[in-house]
Amino acid sequence: MDSTLTTAWRSPSNIAIVKYWGKHGHQLPANPSLSITLTHAFTETHLAATPAGNGKHAEIAFLFDGREAPAFAERIRQYFGKIAGHVTFVKDFHLSIASSNTFPHSSGIASSASAMSALALCLADLQCMIDGHPRDARFWQIASELARIGSGSGCRSVYGPVSLWGETSLVQGSSDTHAIPVSNIHPVFETLCDSILIVDAAAKAVSSSAGHALMEGHPYRNARIAQVQSHLQHLLPAMQQGDIETFGKIAEAEALSLHALMMTSDPSYILMRPHTVAVIEDIRAFRTRTDFPVYFTLDAGPNVHVLYPRQYATQVQEWIQSSLISYCVEGRVIHDHAGNGPVRLPS
Ligand code: PMV
């Protein structure tokens with residue numbers, strides 16, 4: 001009898017509205033963060049686990065888009081080193097992992113959140129199969145925790161449409177070790193659109209890990225933590241009441257704060273590009289002209305996420321196509337929207 005266990009998960013990327021920036025200890029956040037889970041930008045991961053046999057050295061094989069990917073394989077091996085104490089069963093199995101993304105990993109969209117959450121879900125699922133446990137709340141929590149160890153922001157992708165990571169007195173049950181779903185979200189945010197404008201697809205000059213590290217001893221660190229507290233305090237009720245204006249104001253302030261922190265690090269650096277600024281200014285001018293609730297956010301890179309309620313999708317996407325497309329590399333835009341989070345696939 002074939003004793004191979006198989007599982008497969010699709011997990012989406014997410015976009016932070018309140019940004020995680022700075023960490024300590026074992027990938028614990030300097031501040032709480034809140035994100036919207038996306039739909040179309042996802043990773044699919046298939047995992048097959050075959051018992052290695054007594055005393056045999058368990059091996060890990062990794063394919064990306066059906067091909068060997070040595071750089072990713074190395075990252076995954078390091079990841080397994082970090083989670084060894086959490087998933088002790090892993091040492092007894094040969095693992096065969098195959099992943100693919102809906103978006104090119106060099107497109108400028110962070111793929112680590114979707115990739116690490118998809119893999120974490122496969123591992124948590126495997127643990128359930130071995131232990132004979134159901135996929136209950138504990139399963140999702142373990143998946144989120146395992147994802148966090150691979151990619152901090154990835155722990156939020158486990159839940160949709162809105163997820164919170166990091167302990168805060170504002171939300172009961174919040175934790176630094178895993179994300180939780182945010183409940184009672186107004187429908188306007190459950191279907192919020194996010195058009196991602198790829199204004200530069202080159203690899204970032206400074207990685208997120210290096211950026212997080214520069215928050216240690218940052219002159220604005222305490223002010224940043226206080227700002228997050230105030231933003232969350234206003235954002236949470238706004239997202240429950242459907243107050244898009246407050247939401248948009250905070251989303252933009254968070255994006256600009258994140259980049260201001262980079263510009264005031266030591267050494268300082270700039271990830272925005274001239275087209276990033278041009279798009280931001282056009283979005284603000286369009287909002288003033290039309291009164292449409294269209295806002296922007298940025299992650300740790302030059303690309304712009306355009307956020308708007310679904311009811312404006314036709315007009316906003318037409319405007320992007322006619323006015324903003326010239327700022328994008330090869331006219332690249334990914335029209336995504338909020339979604340319900342990961343899906344288990346037939347394996
Ligand atoms: O998860 P990391 O280490 O890639 O850091 C992500 C940081 C931001 O994308 C800038 C903010 C966030 O909360 O996702």
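In the block above lies the structure referred to throughout.
Residues numbered from 1 in each chain as written. Predicted model: local features only at pLDDT ≥ 70, side-chain atom pairs only at ≥ 80, totals over all residues. Heavy atoms only, no water.

Caption draft 1: Just the overall build of the protein chain, in detail. A count of helical and extended segments in the protein chain gives 9 helices and 14 strands. Relative to a compact globule of 347 residues, whose C-alpha radius of gyration would be 20 Å, the protein chain shows 20 Å and is just as compact. The dimensions of the protein chain, computed from C-alpha atoms along their principal axes, are 70 × 40 × 40 Å. Long-range contacts, defined as pairs at least 24 residues apart, comprise 75% of the intrachain contacts of the protein chain with a sequence gap of at least 6. Surface summary for the protein chain: the accessible area is close to 15,200 Å², and the carbon and sulfur share equals 52%. (Helix = DSSP H or I, 4+ residues; strand = E, 2+ residues; numbered from the N terminus. Rg over C-alpha atoms; globule rule 2.2 N^0.38 Å. Contact = heavy atoms within 4.5 Å. Areas by Shrake-Rupley, 256 points an atom, 1.4 Å probe, with all protein chains shown as cover.)

Caption draft 2: Seen up close, the pairing of strand β10 (residues 193-197). Of all 5 residues in β10, 5 are buried, a share of seventy percent or more. A two-sided burial pattern is seen for β10, the buried positions comprising Cys193, Ser195 and Leu197 on one face and Asp194 and Ile196 on the other. Relative to strand β12 (residues 304-308), β10 is paired through 5 bridges, and the arrangement is antiparallel. Each residue of the ladder has a partner; that of Asp194, found in β12, is Leu307. Bridging between β10 and strand β13 (residues 333-337) involves 5 bridges; their strand directions are antiparallel. Looking across to β13, one finds that Asp194 is bridged to Asp336. (Buried < 20%, exposed > 50% of the residue type's maximum accessible area, 1.4 Å probe, protein only. Pairing = 2+ DSSP bridges.)

Caption draft 3: Focus on the sheet that holds β13. Ordered in space as β11-β12-β10-β13, the 4 strands form an open sheet in which the pairing is antiparallel. Both edges of this open sheet fall to β11 (295-298) and β13, since each of them pairs with a single strand only. Across the sheet, the mean angle separating the axes of adjacent strands is 25° when strand polarity is ignored. The sheet contacts of helix α8 (residues 274-290) involve β10, β11 and β12, and relative to β11 the element is tilted by about 160°. In this fold helix α9 (residues 313-324) packs onto β10, β12 and β13, with an angle of close to 10° to the strand it touches most, β10. (Axes fitted to C-alpha atoms, helices over the stretch in contact; angles between N-to-C directions.)

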